[in-house]
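Below, each chain spelled out in residue letters.
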Amino acid sequence: MKAKTNLIACLLVLALLLGSCGAATEAPPAEPTAVSAATEAPPAAATDAPAPAPTAAPAATEVPTTAPEPTEAEPVVKRGGVLKIGHEADAADLDPATSAAASDAMIQDLVYEGLVRWNPESMEVEPLLAKSWEISADGLTYTFHLQEGVKWHNGDPFVADDVKFTVDRILDPNTGSTDVSALSSVESVTVVDELTVVFALKEPYAPLLSSAPSVPKIQNRKFVEENGGTTPRVMMGTGPFMLGEWVPDQVIHLVKNPNCWRAGIDGQPLPYLDGIDLLSGVDETARVADFLSGVSDMVVTVPNKDVASLLENPAVVMAGPESMWYSGLFFNVGAEPFDDKLVRPAV
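Residues numbered from 1 in each chain as written. Predicted model: local features only at pLDDT ≥ 70, side-chain atom pairs only at ≥ 80, totals over all residues. Heavy atoms only, no water.

Draft legend 1. Region of interest: the pairing of strand β12 (residues 251–256). Examined bridge by bridge, strand β11 (residues 241–247) and β12 share six bridges and lie antiparallel to one another. Of the residues in β12, the one forming a bridge with W246 is I252. Here β11 folds back onto β12, and the loop between the two strands holds three residues, one of which, D249, carries a positive phi near 65°. Pairing between β12 and strand β13 (residues 275–279): five bridges, direction antiparallel. Paired with V251 across the strands is L279, a residue of β13. (Pairing = 2+ DSSP bridges. Helix = DSSP H or I, 4+ residues; strand = E, 2+ residues; numbered from the N terminus.)

What follows is the structure in structure tokens.
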């Protein structure tokens, strides 16, 4: 395997091209930009579901649907344009419940949203689709209060039943979800009303919230069921971008969600861009060449051999906040020789 430097949190961008393509002064407005675990946020509320009396969790900060008036210190937002990103691989599975590829995660993070997200500055969990939450004293009950007025890309309202459906589907063995371990502590999900949902746990599990920015990505029950119970090649979320067209091994066109419920720093609905084109189908050498020649405006990952020369190029900018993303090699402990615990430390 060729070594690569993960630049999801530090995307290489041709500064001059970004100006000419009319993109926003910020990176595409989707917490996760590329192959990384996205940044998303959590919720709060009490319910009459049977459980020990809840105690308020640490105060959660709601995600604003309107932004404060920009100050002189804030950047001027330039809206419009289509950002072309040199993507490391074509999508394999666009269904967040069954996908296992990191290249799929970047696309999903631009389209789908979780109950919570990571704050990109503090790296603390904060609200997203859930505006607040409460945790019972014994840690067995999580009550989430959902944002009002959120719509799916088709205009249908986002409701608590979608949250229950998403979790139940992941936990269903017939789904074969790659995310089941993150939710294995969940005993049941109960809908209290359209904007309140309760998670009952088998045992206290503190990482439930810290994993929630990535799992679960909330899906629309009606949409999934209309597509036969699986959505590997279609998408519909609540996020800032919608799937426009997928040309296999060439490009995935994402288009602006005209009804996005979140606001940018200028007080207008996100996203800043009109669209994002994720270009695939070329090897890493060609991807870097396309970037330098202007075919793409941004490249997500580059070979180690090219990092130094790119950073020395005055036309290239390395940009992006710190990330929770990581890359790793993992043992298949179900196969020889790594099923032997004495072998693994010796490698």
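Read on for the rest.
Draft legend 2. Structural detail: the packing of helix α6 (residues 284–293) against helix α7 (residues 304–312). Contact geometry of α6 with α7 gives a least axis separation of 11 Å together with a crossing angle of 15°. Judged on the interaxial angle alone, α7 and α6 are roughly parallel. The way α6 lies across α7 gives a crossing that is right-handed. In contact with T285, V288, F291 and L292 of α6, α7 contributes K305, D306 and L310. A per-class count over the contact of α6 with α7 returns four nonpolar, one polar and two charged. (Axes fitted to C-alpha atoms, helices over the stretch in contact; angles between N-to-C directions. Parallel < 35°, antiparallel > 145°, perpendicular 65-115°, else oblique. Left-handed = near helix turned anticlockwise from the far one by under 90°. Contact = heavy atoms within 4.5 Å. Nonpolar A, V, L, I, M, F, W, Y, C, P; charged D, E, K, R; others polar.)

Draft legend 3. Region of the structure containing empty space enclosed by the protein. The final tally for this structure, using the stated rule, is one cavity of 30 Å³ or more. If you add up the space inside the largest cavity, you get close to 50 Å³. Along the walls of the largest cavity sit L115, F144, L183, F199, L208, L209, A212, V215 and P216, which together make up its complete lining. Residue composition of the lining of the largest cavity, by class: nine nonpolar, no polar and no charged. (1 Å grid on protein atoms, 1.4 Å probe; cavity = no way out; pocket = protein on both sides within 12 Å on 5 of 7 lines; lining within 4 Å. Points joined across faces, edges and corners; volume = space filled by probe spheres on them.)

Draft legend 4. Broad picture of helix α3 (residues 160–171). A rise of 1.5 Å per residue sets the reference length of α3, with its 12 residues, at 16 Å; its end C-alpha atoms lie 17 Å apart and thus fit the reference within 8%. For α3, the complete set of buried residues consists of A160, D162, V163, F165, T166, V167, R169 and I170. The inward-facing, buried residues of α3 abut β8 (141–146), β9 (186–193), β10 (196–201) and α5 (221–226). (Expected span 1.5 Å × (residues − 1). Buried < 20%, exposed > 50% of the residue type's maximum accessible area, 1.4 Å probe, protein only.)

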